[in-house]
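Single-letter residue listing:
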Amino acid sequence: MLSYRHSFHAGNHTDVLKHTVFVALLRYLAKKDKPFMCIDTHAGPVVHDLEGIYARKNKEFETGISRLWAKLVLPPLLDDYRDQVRALNPNREKLRHYPGSPQLALQLLRRKDALRLIELHSTESANLEKHFRDGDKRVQVTAGDGFERVLKMLPPPQRRALVLIDPSYEVKDDYAHVPATVRDALKLFATGTYMVWHPLVQRRDCARLPDALKRQCELAPTGKVDWLHVTLNVKRPAEDGFGLHGSGLFIVNPPWTLPEQLRETMPWLVDALGQDDSANFSLDFKIA
């Protein structure tokens, strides 16, 4: 995991799905006047240079954000997400910079809100600390294991929070750490919104993860909590069983408005980002 650099994948189809919903959740929390905290357990870079050495290696953004960049009309969720990317690119004809989740949060948080960034990779955590050294008082950077450190931040003093949990899953143990972290987080702060990103790969651990997360929602100490699971497949799985063919988001305590927003958005994403005739999406939820 310590070798993982998200800049290789910046702006790809998984980022489009993750960041579209991340923006929607931040917008929803900001509708109420009361402050909230956003916690990013695996923060990564603030901004990615799409002409940099990492992003240019595989050019994954070309089958992600680039496909949305010049569209004249987008569904509201995608339009808002693209506007956040455009904020980093004054020349709208050219896509050069892509926001990481810390930057998206900064653009949408209000002065009274708080941002907590956790990062284990030594280079990335040092870059985060350097970036915020001079100071946005809303932001605190913590170097360390996101699965452990997030629990020390709950419950937040604001009593409202969005927690983004998106490890690389390069280490097999991540598939066990994620539901365990959600379980422990719900014990500490049952009303928080937790957004878990996961890859779609041909691994048994990956297939089992959504059900493991649903069980934690069913067994929450305060009673059953709401959940939503959405996936985007952009191509058929490789015959050799390797590679990423899509991604998913599991959201604990989602906004009641989100299912309808995704019903409108996901068919458009399949058309825009699909790479073959196997592209599809799924949407499953339990909201009381």
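Residues numbered from 1 in each chain as written. Predicted model: local features only at pLDDT ≥ 70, side-chain atom pairs only at ≥ 80, totals over all residues. Heavy atoms only, no water.

Trainee: Help me understand the packing of helix α4 (residues 76-86) against helix α10 (residues 258-273) in this model?
Mentor: When two helices pack together, you describe them by how their axes are tilted relative to each other and by the distance separating the axes. Relative orientation of the contacting elements α4 and α10 amounts to 70°, with a least axis distance of 8 Å. In terms of axis orientation, α4 runs roughly perpendicular to α10. Here Pro76, Leu77 and Leu78 of α4 come into contact with α10, specifically with Gln261, Leu262, Glu264, Thr265, Trp268 and Leu269. Looking at the contact of α4 with α10 residue by residue, the classes come out as six nonpolar, two polar and one charged. (Axes fitted to C-alpha atoms, helices over the stretch in contact; angles between N-to-C directions. Helix = DSSP H or I, 4+ residues; strand = E, 2+ residues; numbered from the N terminus. Parallel < 35°, antiparallel > 145°, perpendicular 65-115°, else oblique. Contact = heavy atoms within 4.5 Å. Nonpolar A, V, L, I, M, F, W, Y, C, P; charged D, E, K, R; others polar.)

Trainee: Just checking my understanding: could you explain the state of the cysteines for this structure?
Mentor: Here, disulfide denotes a covalent bond that connects the sulfur atoms of two cysteines. Per the stated rule, a full pass over the model turns up zero disulfides. Cys38 forms no disulfide, and the closest cysteine sulfur to it belongs to Cys217, at a distance of 19 Å. Overall, the relative accessible area of 0% leaves Cys38 in the buried class. Between Cys217, a free cysteine, and Cys206, which holds the nearest cysteine sulfur, the sulfur-to-sulfur gap is 17 Å. (Disulfide = S-S within 2.5 Å. Buried < 20%, exposed > 50% of the residue type's maximum accessible area, 1.4 Å probe, protein only.)

Trainee: How should the pattern of salt bridges be read in this particular structure?
Mentor: Oppositely charged side chains are able to pair whenever their charged atoms sit close together. On inspection of all chains with the given rule, the structure shows 19 salt bridges. Across the pair Lys94 and Glu51 runs a salt bridge, and its minimum N-O distance is 2.7 Å. You can see Lys94 sitting in the loop between α4 and β3 (97-99) and its partner Glu51 sitting in the loop between β2 (47-49) and α2 (53-58), a full 43 residues away along the chain. The class for Glu51 is partly exposed, based on a relative accessible area of 37%. When the shortest N-O distance is used, the salt bridge between Arg183 and Asp184 registers 3.0 Å. Relative accessible area serves as the criterion here: at 35%, Arg183 is assigned to the partly exposed category. (Salt bridge = Lys/Arg side-chain N within 4 Å of Asp/Glu carboxyl O.)

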